[in-house]
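Close look at the chain arrangement
Here's the letter readout for the chains.
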Amino acid sequence: QVQLVESGGGLVQAGGSLRLSCAASGRIFSTYAVGWFRQAPGKEREFVGAITWSGGSSYYADSVKGRFTISRDNAKNMVYLQMFSLKPEDTAVYYCAARTAPGMTSAKGYDYWGQGTQVTVSS
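Residues numbered from 1 in each chain as written. Predicted model: local features only at pLDDT ≥ 70, side-chain atom pairs only at ≥ 80, totals over all residues. Heavy atoms only, no water.

Inspection of every chain in the model, using the stated rule, returns six aromatic pairs. Between Phe37 and Tyr110, the ring centres sit 5.1 Å apart and the planes meet at 80°, which makes this aromatic pair edge-to-face. On the criterion of sequence distance, the pair formed by Phe37 in strand β4 (residues 33-39) and Tyr110 in the loop between β9 (92-99) and β10 (112-113) is long-range, its members being 73 residues apart. The side chain of Arg45 reaches across the aromatic face of Trp113, ending 4.9 Å from its centre. (Phe/Tyr/Trp six-rings, centres within 6.5 Å; stacked < 30°, edge-to-face > 60°. Helix = DSSP H or I, 4+ residues; strand = E, 2+ residues; numbered from the N terminus. Lys NZ or Arg CZ within 6 Å of the ring centre and 35° of its normal.)

In structure tokens form, the structure reads like this:
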């Protein structure tokens, strides 16, 4: 089992930056990838980006590519989502998730989820 605890959400102005953190514990060795998802009011949960735990390969949704960066610190069992040039449309609840099976973009493929953290970007 893997437990995920998120932190770092908050209110920022458009154009600002924010870093979200996801602390992992448990059977982390079984994790293939850690992903970030977001869900805005009235919208479906969407993929933001993900990183493989072992190799550190990352993949991003087109909507955030070039603005968001995912990194991980294996020694600390931490995954980060660094967000720059934030836009009001980035406002959502952000979730981190872990999966044991290969794959990155499908929410249904993730086994464990954090509690979510609110990111609000004001214009």
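Core analysis: the largest hydrophobic core is formed by 36 residues, its most contacted members being Trp36, Leu81, Met83 and Tyr94. When contributions to this core are tallied by element, the ones reaching two or more residues are β1 (2-7), β3 (18-26), β4, β5 (46-52), β7 (68-73), β8 (78-83), β9 and β11 (117-122). Looking at this core, the element that brings in the most residues is β9, giving five residues. (Core = buried A, V, L, I, M, F, W, Y, C linked by side-chain atoms within 4.5 Å. Buried < 20%, exposed > 50% of the residue type's maximum accessible area, 1.4 Å probe, protein only.)

Evaluated as defined, the whole model comprises one disulfide. Here Cys22 is linked by a disulfide to Cys96, with a sulfur-sulfur distance of 2.2 Å. On the S-S bond that ties Cys22 to Cys96, the torsion sits near 65°, and the link is right-handed. Linking Cys22 in strand β3 with Cys96 in strand β9, this pair joins segments that are 74 residues apart in sequence. (Disulfide = S-S within 2.5 Å.)

Here four strands make up an open sheet; going across it, the order is β1-β3-β8-β7 and the pairing antiparallel. One side of each edge strand has no neighbouring strand; the edge strands of this open sheet are β1 and β7. With strand direction ignored, the average angle separating the axes of adjacent strands in the sheet is 20°. (Pairing = 2+ DSSP bridges. Axes fitted to C-alpha atoms, helices over the stretch in contact; angles between N-to-C directions.)

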